[in-house]
Amino acid sequence: MKTILEKLLGRQRVLVKENERAVALYKGEIQAVLMPGEHWLANRRGNLEISRHDLKNPEFVSAYEKALFDKLPDVAARHFTVVRTGRTDIAVIERDGALHAVLIPDRKLVLWTDAGPWKVTSVDTAADLAVDRALMRRIGQARKTEHLFLHPVVDGQVGLLFVDGVYTRTLAAGVHAFWNVGRMVQVKVVDLKRQSLDVAGQEMLTKDRVTIRVNIAAEYRVVDPVTAVSTVKDFSEALYRALQYAFRKTLGALTLDQILDKKVTVDEEAAAKVRGDMAAIGLEVSDIALKDVILPGEMREILNQVVSAEKQAEANIIRRREETNATRSLLNTARVMAENPVMLRLKELEALEAIAGKVERLTVHNGTGGLLNDLVKLRES
């Protein structure tokens, strides 16, 4: 409520605090920017209007901004710091050494000068969208990363930078940041370490018309990431298809017996073609191998029967060979004993010793002489 003095003088007392600034308007027209202190301003019929601003929020946002700069340009120049950015500019605004704001292209920001001191650093994004790592860390600490693209690249990898679909450069391991200012930024990460590729469960037809399934494996690494990414849509898929073709060509020319007998891998001509084709797209292929051959159920049963028959035949041959050897040994022993009476006598004694070990009493009539002779005679009769 106005005091009696204010009513008599037609003026109003306006008090502005140290942390405030105020814009005074009379009859809707801007009169002044008020600094801290006591001000007596004309206010007949309540035509005075005061717009207060707390310097805790240093940005000047007001419906009277344009009118103030147009009508009182000198006053505006004393009280405000204006930051403008061009079509490709970024402005990094610091307040008393601390990062305050990041202003993207084609923007304007009006700041109360007394809320500073202010430092403005301009960055031209037309030449390079990359953000300096020290600045990237400061922006991250200030939680103002909404205008950044962040892309990590770990050890053993490289990142391929594309801007608006055009390859720009290769990025080493680390965290990379780029300005998000309306241009499309893409980083494709490529692993340079040696990798394995498995082609599992591929159905193939052998020369003798047997359908088999095979598992194939290859080891490779990317030696030219730019070529690998730009030449084909998916370089691992390209290698997958090349391996399929190579093994179809190799196994299709062999019978099932040849495949099972030789533990076949891809032939050198097909392997060389795979390696050559992959080298053209930036891949180095080392080992190529056939890991497993899987037969249909009925074919496995037939094969098991064949293997069983073969093993039985081998067992019979071995048994007959052992029987033949035993018979031959007996004939040789008999011939030796027939030609050597002393040897025959020793054998008689060995036989009696063996028999005596199994019975309590052994009675020999007419002596032991001629005992085995009688046995030999019985055999010959």
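Refer to the preceding data block for the structure.
What this report covers is the structure whose coordinates are included nearby. (Residues numbered from 1 in each chain as written. Predicted model: local features only at pLDDT ≥ 70, side-chain atom pairs only at ≥ 80, totals over all residues. Heavy atoms only, no water.)

Below, the discussion takes up the overall build of the protein. When helices and strands are tallied, the protein shows 11 helices and 18 strands. Counting only residues that meet the buried cut, the protein has 33% of its 381 residues in that class. Contacts spanning at least 24 positions in sequence make up 64% of the contacts within the protein whose residues lie at least 6 apart. (Helix = DSSP H or I, 4+ residues; strand = E, 2+ residues; numbered from the N terminus. Buried < 20%, exposed > 50% of the residue type's maximum accessible area, 1.4 Å probe, protein only. Contact = heavy atoms within 4.5 Å.)

Tallied over the entire structure, the rule returns 5 aromatic pairs. Measuring from ring centre to ring centre gives 4.6 Å for Phe60 and Phe80, while their planes differ by 35°; the resulting arrangement is tilted. You can see Phe60 sitting in the loop between strand S5 (48-54) and helix H2 (65-71) and its partner Phe80 sitting in strand S6 (residues 80-84), a full 20 residues away along the chain. Of the two residues examined, Phe60 and Phe80, each falls in the buried class. Residues Phe80 and Trp112 carry aromatic rings whose centres are separated by 4.4 Å and whose planes lie at 45° to one another, so their mutual orientation is tilted. On the criterion of sequence distance, the pair formed by Phe80 in strand S6 and Trp112 in strand S9 (residues 108-112) is long-range, its members being 32 residues apart. Here Phe80 matches Trp112 in class, with each residue buried. Every member of this aromatic cluster is reached through a ring pair, and the members are Phe60, Phe69, Phe80 and Trp112. (Phe/Tyr/Trp six-rings, centres within 6.5 Å; stacked < 30°, edge-to-face > 60°.)

Relative to the helices and strands, Ile90 is located in strand S7 (residues 89-95). Taking the C-alpha atoms as reference points, Ile90 and Leu103, separated by 13 residues in sequence, lie 5.7 Å from one another.

Another aspect to go through is the nonpolar core. With 37 residues, the main nonpolar core has Ile212, Leu239 and Leu283 as its most contacted residues. For this core, the secondary structure elements donating two or more residues are strand S12 (157-163), strand S16 (195-205), strand S17 (211-222), helix H5 (225-231), helix H6 (235-251), helix H7 (256-262), helix H8 (268-279) and strand S18 (283-294). Judged by nonpolar contacts, the second largest core, of 22 residues, contains Leu25, Val33, Ile93 and Leu109. (Core = buried A, V, L, I, M, F, W, Y, C linked by side-chain atoms within 4.5 Å.)

In this section: the environment of Gly282. Looking at the secondary structure, you find Gly282 in the loop between H8 and S18. With 59 residues separating them in the primary sequence, Gly282 and Val223 have C-alpha atoms 5.6 Å apart. In contact with Gly282, not counting residues within four places along its chain, are Arg221, Val222, Val223, Asp224 and Thr227.

The next thing to look at is H6. Its 17 residues give H6 an end-to-end C-alpha distance of 24 Å, which sits within 8% of 24 Å, the value for a rise of 1.5 Å per residue. Burial in H6 covers these residues: Phe235, Leu239, Tyr240, Ala242, Leu243, Gln244, Ala246, Phe247, Thr250 and Leu251. (Expected span 1.5 Å × (residues − 1).)

With that settled, consider the sheet that holds S5. Here 3 strands make up an open sheet; going across it, the order is S3-S2-S5 and the pairing antiparallel. The sheet is open, and its two edges are formed by strand S3 (29-34) and S5, each paired on a single side. Neighbouring strand axes in the sheet, compared pairwise and without regard to direction, differ in orientation by 20° on average. The pairing of strand S2 (residues 20-26) with S5 spans 7 bridges and is classified as antiparallel. Across the sheet, Arg21 pairs through a bridge with His53, a residue of S5. (Pairing = 2+ DSSP bridges. Axes fitted to C-alpha atoms, helices over the stretch in contact; angles between N-to-C directions.)

Strand order in the open sheet formed by 3 strands is S13-S12-S15, and the pairing between neighbours is antiparallel. Of all strands in the sheet, those with a lone pairing partner are strand S13 (166-171) and strand S15 (185-191), marking the two edges. Pairs of neighbouring strands in the sheet enclose a mean axial angle of 25°, with direction left out of account. As paired strands, S12 and S15 are joined by 7 bridges and run antiparallel to one another.

As a further point, take the pattern of salt bridges. For the structure shown, the criterion picks out 14 salt bridges. Linking Asp128 and Arg169 is a salt bridge whose minimum nitrogen-to-oxygen distance equals 3.6 Å. Taken together, the residues Asp128 in the loop between strand S10 (118-124) and helix H4 (133-141) and Arg169 in strand S13 connect sequence positions 41 residues apart. Close ionic contact of Asp277 with Lys273 constitutes a salt bridge, the shortest N to O distance being 2.8 Å. With Asp277 and Lys273 both in helix H8 and 4 residues apart, the pair spans about one turn of that helix. You can call Asp277 partly exposed: its relative accessible area is 35%. With relative accessibility at 45%, the residue Lys273 sits in the partly exposed group. Salt bridges here are not isolated pairs; linked through shared partners, they connect Arg194, Arg221 and Glu284. (Salt bridge = Lys/Arg side-chain N within 4 Å of Asp/Glu carboxyl O.)

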